[in-house]
Amino acid sequence: RMTLAVHPAGETTSEQPDHPTTLQPIHRDLVARDVVAAARGLLGSLLVREAADGRRIGRIVETEAYAGPEDRASHARAGRTERTAVMFGPAGRAYVYLVYGMHHCLNVVCGDDGAAAAVLVRAVEPVAGLERMRSRRGAAAGSDVRLAAGPGRTCQALGIDRALDGIDLVSDDRLWLARDPASAPEDHDIVCGPRVGVDYAGPEWATRPWRFGVAGSAALSKPFSGPR
């Protein structure tokens, strides 16, 4: 069982898990479905990174849905390439790519085989391994709760890079998704809005409310505006 201590400012720290093996992987059905439903469903799940320097865990608090080749904001819009082959399935695999030649981003492949849909993990709230996260993010990374408040920050804090591209996030022991029913948000606790930085996709796709977050989380990459 993992014991958490939540501070008034919303920052979350953790004690060493006394029974880490009690963490259970998600059911593949959570991601082997419509990508928008999967993006909402992944909120509250734990992202677990096992590495030589120890375990790091973050709770997913923000996601974005990217559909298949028809989605002009998706990497799949160019069809199957060497870079995007992982997106075409099966569901549950990690699609890790590099932006601006320096920031890694983690996506969870969703839907049916061949659908090329994926959910971008935009932000996680640190749960365990904070010192290891801070050592990767640096002294200027800000407060504990903001260590992974963004897709690039998430990968840097948890030590995720292209070496993990294509692994199975349900069964691999290096990086995997765990269930945490106690922190799964209710529908009324989920906020949504347009995806970030996709204006190039045109109004039809850029304005779709396919970015989802846990209302009130201090770890969101940026605020949401407008109705839920």
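It should be noted that the structure appears before, not after, this text.
Here's a quick rundown of the structure.

Thresholds, definitions, all that
Sequence order as written defines residue numbering, which begins from 1 separately in each chain. Where local features are concerned, this predicted model is filtered to residues with pLDDT of at least 70; where side-chain atom pairs are given and counted, the filter is 80 or more; whole-chain, interface and lining totals use all residues. Calculated side-chain values reflect all of the structure's heavy atoms, with hydrogen atoms and water omitted. Helix and strand assignments follow DSSP, with helices taken as H or I runs no shorter than four residues and strands as E runs no shorter than two, numbered in order from the N terminus. Only protein chains enter the accessibility calculation, which uses a 1.4 Å probe; a residue whose area is less than 20% of its type maximum is buried, one above 50% is exposed, and one in between is partly exposed. The criterion used for residue contact is that any of the two residues' heavy atoms lie within 4.5 Å. The accessible surface values rely on the Shrake-Rupley method and a 1.4 Å probe; as for residues, cover is taken only from the protein chains in view. Ring geometry is summarised as follows: Phe, Tyr and Trp rings, the Trp one being its six-membered ring, pair when their centres sit within 6.5 Å, and such pairs are stacked at plane angles under 30 degrees, edge-to-face over 60 and tilted between the two. Criterion for a charge above a ring: Lys NZ or Arg CZ within 6 Å of the ring centre, and within 35 degrees of the ring normal. Here an angle of 0 to 180 degrees is reported between the N-to-C directions of two axes, which are lines fitted to C-alpha atoms, with helices fitted over the stretch in contact. Working definition: roughly parallel below 35 degrees, roughly antiparallel above 145 degrees, roughly perpendicular at 65 to 115 degrees, and oblique for all remaining angles. It is the rotation of the near helix from the far one that decides the hand of a crossing: anticlockwise by less than a right angle makes it left-handed, clockwise makes it right-handed. Cysteine sulfur atoms are paired as a disulfide whenever they come within 2.5 Å of each other. As used here, the term nonpolar core means buried Ala, Val, Leu, Ile, Met, Phe, Trp, Tyr and Cys residues forming a set that is joined through side-chain atoms within 4.5 Å. We treat two strands as partners when DSSP finds at least two bridges between them.

### Here we look at the overall build of the protein
Okay, so step 1: For the protein, the helix and strand inventory stands at 4 helices and 10 strands.
Okay, so step 2: If you list the helices and strands of the protein from N to C, you get β-β-α-β-β-β-β-β-α-α-β-β-α-β.
Okay, so step 3: For the protein, the proportion of its 228 residues judged to be buried stands at 52%.
Okay, so step 4: In the protein, of all internal contacts separated by at least 6 residues, the share reaching a separation of at least 24 is 62%.
Okay, so step 5: Accessible area for the protein stands at about 10300 Å²; split by element, carbon and sulfur atoms hold 51% of it.

### Focus: the packing of aromatic side chains
Okay, so step 1: Using the criterion set out here, one finds 2 aromatic pairs in the structure.
Okay, so step 2: Seen in terms of ring centroids, tyrosine 95 and tyrosine 97 are 5.4 Å apart; in terms of plane orientation they differ by 40°. Their pairing is tilted.
Okay, so step 3: Each ring, one from tryptophan 205 and one from tryptophan 210, has its centre 6.0 Å from the other, and the planes form 65°; the classification is edge-to-face. Taken as a pair, tryptophan 205 and tryptophan 210 share a single burial class, namely buried.
Okay, so step 4: Arginine 195 extends its terminal NZ or CZ atom over the ring of tyrosine 66, reaching a point 4.6 Å from the ring centre.
Okay, so step 5: Over the ring of phenylalanine 224 we find arginine 211, and its NZ or CZ is 3.7 Å from the ring centre.

### A word on helix H3 (residues 151-158)
Okay, so step 1: For H3, a buried count of 6 out of 8 residues is recorded, marking the element as mostly surrounded by other parts of the structure.
Okay, so step 2: Elements in contact with the buried residues of H3: strand S3 (46-51), strand S4 (54-66), strand S6 (103-110), strand S7 (117-128) and helix H2 (130-137).
Okay, so step 3: Positive backbone phi, approximately 75°, marks glycine 159, located one or two places after H3.

### So, the packing of H2 against H3
Okay, so step 1: Contact pair H2 / H3: the axes reach a minimum separation of 7 Å and the direction vectors enclose 115°. Considered as vectors, H2 and H3 are oriented roughly perpendicular to each other. Of the two elements, H2 crosses H3, and the hand of that crossing is right-handed. Residues Arg132, Met133, Arg136 and Arg137 of H2 lie in contact with H3, whose contacting residues are Arg153, Gln156, Ala157 and Leu158.

### Some points on the state of the cysteines
Okay, so step 1: The final tally for this structure, using the stated rule, is 0 disulfides.
Okay, so step 2: We note that cysteine 155 lacks a disulfide partner, and the nearest cysteine sulfur, in cysteine 105, lies 6.0 Å from it.

### Concerning the nonpolar core
Nonpolar side chains in soluble globular proteins tend to end up buried together.
Okay, so step 1: Judged by nonpolar contacts, the single largest core of 66 residues is most densely connected at Val35, Leu47, Leu106, Ile160, Leu175 and Leu177.
Okay, so step 2: At 7 residues, S7 tops the list of elements feeding residues into this core.
Okay, so step 3: The contact partners of isoleucine 160, leaving out residues within four places of it in the chain, are Leu47, Arg49, Val96, His104, Leu106, Cys155 and Leu175.
Okay, so step 4: Within the second largest apolar cluster, 8 residues are counted, among which are Leu46, Val48, Ala128 and Trp176.

### With respect to unusual backbone geometry
Negative phi values dominate among residues other than glycine, just as trans dominates among peptide bonds.
Okay, so step 1: With an omega dihedral of 5°, the bond running from glycine 89 to proline 90 counts as a cis peptide bond.
Okay, so step 2: Of note, the phi angle at alanine 116 is positive, near 60°, even though the residue is not glycine.
Okay, so step 3: Residue alanine 116 is classed as buried on the basis of its relative accessible area, which comes to 0%.

### With respect to the pairing of S3
Okay, so step 1: Note: S3 against S4, 6 bridges, orientation antiparallel. Bridge pairing in S4 places valine 48 opposite isoleucine 57.
Okay, so step 2: Counted along the chain from S3 to the antiparallel partner S4, the turn is 2 residues long.
Okay, so step 3: Direction of pairing for S3 relative to strand S8 (residues 175-178): antiparallel, over a ladder of 4 bridges. Bridging across to S8, valine 48 finds its partner in tryptophan 176.

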